[in-house]
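# Residue-level structural notes
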Amino acid sequence: MSVVELPAGIFVSTENASEQATFTLSEDPSDDRRVVTVPSVDAALAELHERLKHWPQAAAVCDDVLRAVDPGGPTRAGVITESLAYSTLQSGQEFARWLAERGPARMPEIPDPVVAERDGNTLRIKFNRPSRHNAFSTDARAALLEALDVARYDTSVDEVVLSGNGPSFCSGGDLAEFGTLRDPATAHLARTRYSPALVLDALTARFGPACRAEVHGQVLGSGLEMAAFCGHVAAAPDSVFGLPELSLGLIPGAGGTVSVTRRIGRWRTAYLVLSGHTIDPATALAWGLVDAVG
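Taking an unreviewed UniProt entry as the reference, the protein is identified by name as Enoyl-CoA hydratase belonging to Mycobacterium branderi.

## Here's the deal with empty space enclosed by the protein
Counted under the stated rule, the structure contains 1 cavity of 30 Å³ or more. Roughly 30 Å³ of internal volume is contained in the largest cavity. Residue lining of the largest cavity: Val219, Leu224, Ala227, Ala228, Val233, Phe241 and Leu289, and that is the complete set. Considered class by class, the residues forming the lining of the largest cavity number 7 nonpolar, no polar and no charged.

## Description of helix α3 (residues 75-90)
Its 16 residues place the ends of α3 22 Å apart at the C-alpha level, agreeing with the 22 Å of an ideal helix rising 1.5 Å per residue. Along α3, the residues that are buried comprise Thr75, Gly78, Val79, Glu82, Ser83, Ala85, Tyr86, Ser87 and Leu89. Its buried side turned inward, α3 meets α2 (56-68), α4 (93-102), α6 (184-193), α7 (196-207), α8 (222-227) and α9 (256-275).

## Structural notes on the pairing of strand β5 (residues 114-119)
Note that β5 and strand β6 (residues 122-127) share 6 bridges and pair antiparallel. Paired with Ala116 across the strands is Ile125, a residue of β6. Adjacent in sequence and paired antiparallel, β5 and β6 are bridged by 2 residues, among which Gly120 carries a positive phi angle near 65°.

## What to know about the sheet that holds strand β12 (residues 292-293)
Read from one edge of the open sheet, 6 strands run β5-β6-β7-β8-β10-β12, paired in mixed fashion. Unpaired on one side and paired on the other, β5 and β12 mark the two borders of the sheet. In this sheet, strand β10 (residues 232-235) lies alongside strand β8 (residues 211-215) in parallel orientation, the contact comprising 4 bridges. Across the sheet, residue Val215 finds its bridge partner in β10, namely Ala235.

## Here's the deal with the pattern of salt bridges
Evaluation of the coordinates by the stated rule reveals 13 salt bridges. For Asp174, the salt bridge identified is with Arg132, shortest N-O distance 2.7 Å. Linking Asp174 in the loop between β7 (159-164) and α6 with Arg132 in the loop between β6 and α5 (138-153), this pair joins segments that are 42 residues apart in sequence. A residue is classified by how much of its surface remains accessible, and Arg132, at 31% relative accessible area, is partly exposed. The salt bridge partner of Glu214 is Arg212, with a shortest N-O separation of 3.2 Å. Classification of Glu214 by relative accessible area gives partly exposed; the value is 31%.

Calculation criteria
Residues numbered from 1 in each chain as written. Predicted model: local features only at pLDDT ≥ 70, side-chain atom pairs only at ≥ 80, totals over all residues. Heavy atoms only, no water. 1 Å grid on protein atoms, 1.4 Å probe; cavity = no way out; pocket = protein on both sides within 12 Å on 5 of 7 lines; lining within 4 Å. Points joined across faces, edges and corners; volume = space filled by probe spheres on them. Nonpolar A, V, L, I, M, F, W, Y, C, P; charged D, E, K, R; others polar. Helix = DSSP H or I, 4+ residues; strand = E, 2+ residues; numbered from the N terminus. Expected span 1.5 Å × (residues − 1). Buried < 20%, exposed > 50% of the residue type's maximum accessible area, 1.4 Å probe, protein only. Contact = heavy atoms within 4.5 Å. Pairing = 2+ DSSP bridges. Salt bridge = Lys/Arg side-chain N within 4 Å of Asp/Glu carboxyl O.

Below, the structure is given as structure tokens:
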């Protein structure tokens, strides 16, 4: 077995699939969840080296969290572990550098960021910030939780469908809002005490595949993380999937280290975060990230 050490103490296997490595790269197709197929192993390693050299703290914390979280264990414990690590990075120099590079940002006021309607016993919930590709914001989180509470407390609801208006399902957290909470501890409490991830997980435990996400366009960051908690994920052919948080000096913070890892394993989850690459619906289906394409 050939193992390559990259910056941030990330070890990548380039031959036989490895349980211990962060992931294994191969130029040959593989159904093994530890293996990611790439056009060129050498080119992938070179790209990863440069990327991890730029974001070593976030990369190391990502690897730590993915190894620490038990995707088969209690969801709340995993979400709390992830959030504490996320808050640590919010206090770090890499996130501070990204904020400085971004500069001042203004959050647009968009009414009704989430809309919901009853269709018989089905509750249909849609992200509704189409001009921002349904980028997830604090007001969207509050509105989503309010809508999900209908399914939590109304026993006549037996199906929940999560989707998005406009060109995308959800493009992840709204970057204009990042860094606006007054401190990482407050942010941690907001993420874990008002968590759509935990509610979606509970609804999936109750409804199974009848708690489903219908995704299209950009399915990135928190959008992917929330969808992955649903019991069934159906993807349109134009869907694009990814976890871009490393480029902000962060890791997934909406439960993705639990939900995505449950579906595709920690190795391919690590690859999505550390490489920053997106995948298409065919790959997402083959990996088990989605359940249907069409």
